[in-house]
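Single-letter residue listing:
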Amino acid sequence: MDGIFSLVGSALPFILLISVVITVHELGHYWVGRGFGAAVESFAIGFGRPIFEVRDKRGTRWRLNWLPLGGFVKFVGEMQAPTDTRDTEGQTTSDTAPKPDSQPVKLVGKPYTELGPMKRLAVSLGGPFSNFVFAIAVFAFLGFAFGVPQAKEIIVADVLPNSVASAAGFQKGDIVLEAGGRKVSMAGDVNRMTELSAGEAVLYRVLRDGSPVTLTATPVETEETNPVLQMKQKVGRIGIHLTQRDTEMRSLNPVEAVGYGFSQTGDALSATVNVLRRLVTGKEGIDKLSGPVGIFTLADKVTDLHLKQKDVDIWEKLSQLSLSLLQLAALLSIGVGFFNLLPIPILDGGAAVMCLAEAATGKEIPEKVQRVGLTIGLACLVSFALLITWQDITRLWPGGS
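Reading the values: the criteria
Residues numbered from 1 in each chain as written. Predicted model: local features only at pLDDT ≥ 70, side-chain atom pairs only at ≥ 80, totals over all residues. Heavy atoms only, no water. Helix = DSSP H or I, 4+ residues; strand = E, 2+ residues; numbered from the N terminus. Buried < 20%, exposed > 50% of the residue type's maximum accessible area, 1.4 Å probe, protein only. Contact = heavy atoms within 4.5 Å. Areas by Shrake-Rupley, 256 points an atom, 1.4 Å probe, with all protein chains shown as cover. Axes fitted to C-alpha atoms, helices over the stretch in contact; angles between N-to-C directions. Parallel < 35°, antiparallel > 145°, perpendicular 65-115°, else oblique. Left-handed = near helix turned anticlockwise from the far one by under 90°. Nonpolar A, V, L, I, M, F, W, Y, C, P; charged D, E, K, R; others polar. Salt bridge = Lys/Arg side-chain N within 4 Å of Asp/Glu carboxyl O. pLDDT = per-residue confidence, 0-100. Expected span 1.5 Å × (residues − 1). Bend = angle between axes of the 7 residues up to and from the residue. Phe/Tyr/Trp six-rings, centres within 6.5 Å; stacked < 30°, edge-to-face > 60°. Polar contact = N/O pair within 3.5 Å; in protein donor to acceptor, adjacent residues only side chain to side chain. Patch = residues over 30% accessible without salt bridge, like charges linked within 9 Å, V, L, I, M, F, W, Y side chains within 5 Å. Core = buried A, V, L, I, M, F, W, Y, C linked by side-chain atoms within 4.5 Å.

**A closer look at the overall build of the protein**
And then number 1: When helices and strands are counted, the protein shows ten helices and 14 strands.
And then number 2: Relative to its full complement of 401 residues, the protein shows a buried share of 39%.
And then number 3: Across the protein, the fraction of contacts at a sequence separation of at least 24, relative to all contacts at a separation of at least 6, is 64%.
And then number 4: Accessible area of the protein: about 21,200 Å², with a carbon and sulfur share of 62%.

**A word on the environment of Ala330**
And then number 1: Inspection of the secondary structure puts Ala330 in helix α8 (residues 314-340).
And then number 2: For the pair Ala330 and Leu17, spaced 313 residues apart in the sequence, the C-alpha separation amounts to 9.2 Å.
And then number 3: Setting aside its immediate chain neighbours within four residues, Ala330 contacts Phe134, Ala135, Val138 and Phe139.

**Describing the packing of helix α3 (residues 117-146) against helix α6 (residues 254-280)**
And then number 1: Axis separation between α3 and α6 bottoms out at 7 Å; the angle between their running directions is 130°. One way to sum up the angle between α3 and α6 is to call them oblique. α3 and α6 meet at a crossing whose hand is right-handed. Side by side, α3 and α6 meet where Phe132, Ala135, Ile136, Phe139, Ala140, Gly143 and Phe144 of the first sit next to Pro254, Ala257, Val258, Tyr260, Gly261, Phe262, Gln264, Thr265 and Leu269 of the second.
And then number 2: Its residues placed into classes, the contact of α3 with α6 shows twelve nonpolar, four polar and no charged.

**Observations regarding the pattern of salt bridges**
And then number 1: Applying the stated criterion across every chain, the model contains twelve salt bridges.
And then number 2: Notably, a salt bridge pairs Glu41 with Lys74, separated by 4.0 Å at the nearest N-O pair. A residue pair is termed long-range when its members are at least 10 positions apart, and Glu41 in strand β1 (residues 40-55) and Lys74 in strand β2 (residues 61-75) qualify at 33 residues. Of the two residues examined, Glu41 and Lys74, each falls in the buried class.
And then number 3: Within the structure, one salt-bridge network assembled from shared partners comprises Glu153, Arg245 and Asp246.

**Regarding the confidence of the model for the protein**
And then number 1: When pLDDT is averaged across the protein, the result is 85; 88% of the residues are at 70 or more.
And then number 2: Here helix α1 (residues 2-9) is the element of the protein with the lowest mean pLDDT, 48, and α3 is the one with the highest, 96.
And then number 3: Per-residue pLDDT stays below 50 along residues 1-7; that stretch engages in nine contacts with residues further than four places along the chain or on separate chains.
And then number 4: Note on residues 92-102: pLDDT is under 50 here. Beyond four places in sequence and across chains, it has 20 contacts.

**A few points about α3**
And then number 1: Its 30 residues place the ends of α3 44 Å apart at the C-alpha level, agreeing with the 44 Å of an ideal helix rising 1.5 Å per residue.
And then number 2: Of all the bends in α3, the greatest, near 35°, is centred on Gly126, and the proline Pro128 appears no more than four residues after it.
And then number 3: Positive phi shows up at Gly147, right after α3, with a value of about 80°.

**With respect to the packing of aromatic side chains**
Aromatic ring pairs are described here by two measures, namely the spacing of the ring centres and the angle between the planes.
And then number 1: Enumeration according to the criterion identifies nine aromatic pairs in this entry.
And then number 2: Both rings, one in Phe75 and one in Tyr112, keep their centres 5.1 Å apart while their planes meet at 15°; by these two values the pair is stacked. Of this pair, Phe75 sits in strand β2 while Tyr112 is found in the loop between β4 (105-107) and α3, placing the two residues 37 residues apart along the sequence. Here Phe75 and Tyr112 have matching classes, each one buried.
And then number 3: Judged by centre distance (6.4 Å) and plane angle (85°), the ring pair of Phe141 and Phe146 falls under edge-to-face.
And then number 4: By relative accessible area, which is 45% here, Phe146 ends up partly exposed.
And then number 5: These aromatic residues form a ring-pair network of at least three members: Tyr30, Trp31, Phe43 and Trp62.

**Some remarks on the packing of α6 against α8**
And then number 1: Where α6 meets α8, the closest approach of the two axes is 10 Å, and the angle between their N-to-C directions is 50°. Classified by the angle their axes make, α6 and α8 are oblique. The handedness of the crossing between α6 and α8 is right-handed. Across the interface between the two elements, Thr265, Ala268, Leu269, Thr272, Val273 and Leu276 of α6 pack against Leu331, Ile334 and Phe338 of α8.

**Looking at the side chain of Glu200**
And then number 1: Mapped onto the secondary structure, Glu200 falls in the loop between α5 (187-195) and β9 (202-208).
And then number 2: The exposure class assigned to Glu200 is buried, which follows from its relative accessible area of 14%.
And then number 3: Looking at Glu200, its side chain comes within polar contact range of the side chain of Arg278, at 3.0 Å.

**Points about a nonpolar patch on the surface**
And then number 1: Together, Ile51, Phe52, Val54, Leu64 and Trp66 give the surface a local cluster of nonpolar side chains, amounting to about 550 Å² of exposed area.
And then number 2: Going through the elements one at a time, β1 and β2 are the ones with two or more residues in the nonpolar patch.

**Regarding the nonpolar core**
And then number 1: If you look at the biggest cluster of nonpolar residues, it comprises 37 residues, and the most contacted ones within it are Leu17, Ile18, Val73, Phe75, Leu332 and Ile334.
And then number 2: Elements supplying a minimum of two residues to this core: α2 (12-35), β1, β2, α3, α7 (292-307) and α8.
And then number 3: Top contributing element to this core by residue count: α8, with ten residues.
And then number 4: Other than its neighbours up to four places away in sequence, Phe75 contacts His29, Tyr30, Gly33, Ala38, Ala39, Val40, Glu41, Tyr112 and Val123.

See below:
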């Protein structure tokens, strides 16, 4: 029975992750547009031809398409995306007349083009905003339902000889209080700040013999295998081993849980911005990024990690897996929200830039210019996706990282 679950789990977690995150994103666009009175032609999860679709009383086509690698919401009057397929025969809005000799489908609302530039800006930002809200809600739920781990002390158990930490002055028995200017409550907090800062100086604040000491160390990039997921990765290390004392799960009340949701989402966003900054400045390689294949591999590893546990009831395995995938969906949602804010045509950030330009000049961007921008943006996006996908595939080969 476990084998069957593992086989199905190879693809199902990936599809669920992508579908949930994209649905959340597109619902953000949908509800903001609806709030401004725009007519919605279709709401689709996936690309290509529909497997299933239904039309609601407002005339919107709700579609589940055969290729589950994205989705979109299509407003009336909005330029058709290259990935879209639609049936416009006989469609009308409440402000237009039906075409002769057709069965009109009345779409409730007004064309998207009738919204002002600032309203369209809000619609463009609605998707990423929805992704961030979803992540906050997930982390808040997890914090409220299960509490958050917290150690009384994080202790330097060992300092490797001739290491960066040794040269920086770390000593066995130091109690780590802060890393990179942030207070730490678990050893993982120290490790994360170190891992993402290879080649850049990091400030560590420790307690030694009752007195605070500030140390500066520059992590060295190291290739290693994640012991849990068995995936190779390049991370920053300074050469210390940490232990924790009196670790417990701290319960959170609803207000604290929401605050925890904001802090976790903020930390993930900060880490994402840091990686992008390091990519732009050349301190990091493109191997830090992952695409669909990388997400599939990670989801598969997480699924195997839970389903292949020994002496654990299958329902307990599924429960643990659901919580892990929910947390992974929150992190992926943050990544999708941030990526869509980049000022690239065809992404939400590109649409936002055009709305701001229209608001500043008082003139609508010519459709021809928009189409050229979308074509260039799509070409860049496809090229980038192919590069990332190839990189993800090479990671699966022996010796790939």
